[in-house]
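Structural overview
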Amino acid sequence: MPKEAKTEIRVRLAPSPTGFLHIGTARAGLFNYLFAKKNKGKFILRIEDTDQERSKPEYEADIIEGLQWLGIKWDEGPFRQSDRPEIYRRYLEKLLNDGHAYYCFCAQEELEAMKQEQMSRGEAPRYNGKCANLSNQETKKRLADGETSVVRFRAAKKKISFTDLIRGEVEFDSSLFGDFVIAKDLNSPLYNFAVIIDDYEMRISHVIRGEDHISNTPKQILIQEILGFSQPQYAHLPLILGPDRSKLSKRHGATSLLEYRKQGYLSEALVNFMAFLGWNPGTDQEIFSMTDLIRDFSLDKVQKAGAIFNIQKLDYLNGAYIREKTLDELLELALPYLSRAELIREGWPNREKLKEILALYHERLKKLSELPELIGFFFKKKLDYPKELLIWKGMTDQELKLSLNTLEETLSAVKENNFTKGNLEKILMKITEKAKDRGGLLWPLRVALTGQKASAGPFDVAAVLGKEKTLERIREAKLIAQ
Ligand code: GLU
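Now for a quick tour of the structure. (Residues numbered from 1 in each chain as written. Predicted model: local features only at pLDDT ≥ 70, side-chain atom pairs only at ≥ 80, totals over all residues. Heavy atoms only, no water.)

The subject of this paragraph is the overall build of the protein. A tally of helices and strands in the protein yields 20 helices and 13 strands. For 482 residues, the compact-globule formula gives about 23 Å, and the C-alpha radius of gyration of the protein, at 32 Å, lies well above that figure. Buried residues in the protein amount to 49% of all 482 residues. In the protein, 77% of the contacts between residues at least 6 apart in sequence involve partners at least 24 apart. As presented, the protein carries roughly 24100 Å² of accessible surface, and 50% of it is formed by carbon and sulfur atoms. (Helix = DSSP H or I, 4+ residues; strand = E, 2+ residues; numbered from the N terminus. Rg over C-alpha atoms; globule rule 2.2 N^0.38 Å. Buried < 20%, exposed > 50% of the residue type's maximum accessible area, 1.4 Å probe, protein only. Contact = heavy atoms within 4.5 Å. Areas by Shrake-Rupley, 256 points an atom, 1.4 Å probe, with all protein chains shown as cover.)

What follows is the structure in structure tokens.
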């Protein structure tokens, strides 16, 4: 293998901008990137926009922004197929001149009828070769007459096999698909043709892509052979399946990758999560940074079986990455979510306070988008909750009022600079010592300060709010308890 050993590793991601960057393409991008970095090769981004009707600039922008967000950096590109028509045209003309491709004038309805008939006989649908042997003269005349046509590749009938780095030996029989369309006209190449020209022109050494493309591979190899191109190595990545092993639906992830950012996932968590969609290190290690992945990734640890998309795993990883952040980093990450929820207002809370608030939730936070819901009460001028929420197990109105009065009196007596979690805990716990149930005092305190049943502990919250705001909220609770 000395020749191969010297070949430069060059891989590519070739997304079609006909939809948002979804998890399948992002995963293919990640695996290509890791493979390139690991092997000191090059990673190329190529936008396959031959489908002019369905390709949209906003999808291309989404793909690029998504990859950048994930930290998947390309060394060359982005190249756009729509910028390279003369290259495809040159090869199309060559194939036509050499008789390896021909113009086909069959109408859509005719092809459809042919397909139905073949299927009713239980055969695989394929072109019947009606235009395969038209004379040059006739072809020219029909083109000159403006008849609608496409360019078909004359597919040799044979077995085509290749070694897939993930799936092993793969074999197809080209007679099952017959002559196939490679261009709508000389200026409009189709995917199976353009991809081969580009992979050759861009000197791609390894084609790493989703398994959904495996049935395209024999067609591409046939074109490659006729044009005398060398064959890249193929690696078809396992499909990504929903938890019920069905095809991934919108609900479990067939959505724009940037949607995950909006939902409060960190890019590190997504990268880690996607790496495990088909790959695993063969050890117990679960947390992998991009650098770890570059070091440990290899195609021979990629599985053949479908990879299950498990959102709980993503949440778990996201929590782990959030915990790794410093409070300053967490604050920077949190700010857009708090601003979007219109929580931050002039003067309150300042950065230091915000960090104190975030510190209370740092350990248990799974997604940044949970923050407004979890910590929103700190920011509100007035809390909104029903009186019933203040009542601890069977408490009478009288007892509730008494508790709130005690809280007000006790906390008013605490000096501003003694308003710390430890101190407040000591003082209030002492008062509750004589009571038969601490909840009678601590429950109304929690609700008065947070308006919630579940929150960070009331002493923590009181300390962050400070004396003035704490007392304001207790007085507010007294009004609600009236
Ligand atoms: N353009 C194809 C797609 O978006 C990818 C082609 C390939 O990787 O060969 O699915």
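Here we come to the site of the ligand. In the vicinity of the ligand, the contacting residues are Arg12, Ala14, Pro15, Ser16, Glu48, Tyr191, Val195, Arg209 and His213. Between the ligand and Ser16 there is a distance of 3.0 Å, counted from a nitrogen atom to a side-chain nitrogen or oxygen. Against a free-state accessible area of 300 Å², the protein chains account for coverage of 83% of the ligand. The cavity that encloses the ligand is the largest pocket. The residue makeup of the shell around the ligand, split by class, is 4 nonpolar, 2 polar and 3 charged. (Near = heavy atom within 4 Å. Polar contact = N/O pair within 3.5 Å; in protein donor to acceptor, adjacent residues only side chain to side chain. 1 Å grid on protein atoms, 1.4 Å probe; cavity = no way out; pocket = protein on both sides within 12 Å on 5 of 7 lines; lining within 4 Å. Sits in = over half its atoms within 2 Å of the grid points. Nonpolar A, V, L, I, M, F, W, Y, C, P; charged D, E, K, R; others polar.)

Turning our attention to the packing of helix 18 (residues 421-432) against helix 20 (residues 458-481). Contact geometry for helix 18 and helix 20: axes closest at 8 Å, N-to-C directions at 125°. One finds that helix 18 runs oblique with respect to helix 20. Here helix 18 and helix 20 pass one another in a crossing that is right-handed. Here Lys421, Leu424, Glu425, Leu428 and Met429 of helix 18 come into contact with helix 20, specifically with Phe459, Asp460, Ala462 and Ala463. Split into classes, the residues belonging to the contact of helix 18 with helix 20 amount to 6 nonpolar, no polar and 3 charged. (Axes fitted to C-alpha atoms, helices over the stretch in contact; angles between N-to-C directions. Parallel < 35°, antiparallel > 145°, perpendicular 65-115°, else oblique. Left-handed = near helix turned anticlockwise from the far one by under 90°.)

The next subject is the pairing of strand 4 (residues 101-104). Along strand 4, one buried face is formed by Ala101 and Tyr103 and the opposite face, lined by Tyr102 and Cys104, is buried too. Pairing geometry for strand 4 and strand 5 (residues 150-153), over 4 bridges, is antiparallel. Residue pairing in the sheet places Ala101 in a bridge with Phe153 of strand 5. (Pairing = 2+ DSSP bridges.)

Attention now moves to the sheet that holds strand 8 (residues 180-185). Taken together, 4 strands build an open sheet; the order of strands is 4-5-8-9 and the sheet is antiparallel. Either end of the sheet is taken by a strand with one partner, and the two such strands are strand 4 and strand 9 (188-189).

Once that is clear, we can look at the packing of aromatic side chains. For the coordinates displayed, the defined rule picks out 16 aromatic pairs. Aromatic pair Tyr33 and Phe43: ring centres 6.2 Å apart, planes at 75°, arrangement edge-to-face. Here Tyr33, found in helix 2 (residues 23-38), pairs with Phe43, found in strand 2 (residues 42-47); they are 10 residues apart in sequence, far enough to count as distant. Among the aromatic residues, those joined into a ring-pair cluster are Phe31, Phe276, Trp279, Phe288 and Phe297. For the cation-ring pair, Arg27 lies above Phe31, with the distance from its terminal atom to the ring centre recorded as 5.6 Å. Positioned above the aromatic ring of Tyr337, the side-chain terminus of Arg340 is 5.1 Å from the ring centre. (Phe/Tyr/Trp six-rings, centres within 6.5 Å; stacked < 30°, edge-to-face > 60°. Lys NZ or Arg CZ within 6 Å of the ring centre and 35° of its normal.)

Turning our attention to unusual backbone geometry. Following Gly77, the chain continues into Pro78 via a peptide bond in cis, with omega recorded as 0°. With respect to the secondary-structure elements, Pro78 resides in strand 3 (residues 76-80). Located in the positive-phi region is Arg203, a residue other than glycine, with phi close to 50°. Mapped onto the elements, Arg203 comes out in the loop between helix 7 (191-201) and strand 10 (206-210).

As a further point, take the layout of surface pockets. One way to see where empty space is left: roll a probe the size of a water molecule over the atoms. Of the volumes computed, that of the largest pocket is approximately 1300 Å³. Along its surface, the largest pocket is lined by 45 residues, and Ser16, His22, Thr25, Asp212 and His213 are the ones closest to its centre. Listed by contribution, the elements that provide at least two residues to the lining of the largest pocket are strand 1 (10-13), helix 2, helix 3 (57-70), helix 7, strand 10 and strand 12 (240-241). The biggest single contributor to the lining of the largest pocket is helix 2, with 6 residues. Its residues assigned to classes, the lining of the largest pocket comprises 20 nonpolar, 14 polar and 11 charged. Put simply, the second largest pocket is a space of about 680 Å³. Lining the second largest pocket are 27 residues; nearest its centre among them are Gln108, Leu111, Val150, Arg152 and Val181. Going through the elements one at a time, helix 5 (108-120), strand 5, strand 8 and helix 7 are the ones with two or more residues in the lining of the second largest pocket. Classifying every residue of the lining of the second largest pocket gives 15 nonpolar, 5 polar and 7 charged. (Points joined across faces, edges and corners; volume = space filled by probe spheres on them.)

Turning next to the side chain of Asp49. With respect to the helices and strands, the residue Asp49 is situated in the loop between strand 2 and helix 3. For the buried Asp49, no salt bridge exists, and the shortest N-O distance to an oppositely charged side chain is 4.7 Å, to Arg80. A polar atom in the side chain of Asp49 sits 3.2 Å from the backbone nitrogen of Gln81. (Lys, Arg positive; Asp, Glu negative; His and termini not counted. Salt bridge = Lys/Arg side-chain N within 4 Å of Asp/Glu carboxyl O.)

Turning to its location among the elements, Asn405 is positioned in helix 17 (residues 397-412). Sequence-wise, Asn405 and Lys478 are 73 residues apart; in three dimensions their C-alpha atoms are separated by 8.0 Å. Of note is the side chain of Asn405, whose polar atom sits 3.0 Å from the side chain of Lys478.

This part covers the pairing of strand 8. Bridge analysis of strand 5 against strand 8 gives 3 bridges, and the strand direction is antiparallel. Looking across to strand 8, one finds that Arg152 is bridged to Val181. Relative to strand 9, strand 8 runs antiparallel, the two being bridged by 2 bridges. Bridging across to strand 9, Ala183 finds its partner in Pro189. As consecutive antiparallel partners, strand 8 and strand 9 are separated by 2 residues.

Such coordinate-based values are descriptive only and should not be taken to indicate function.
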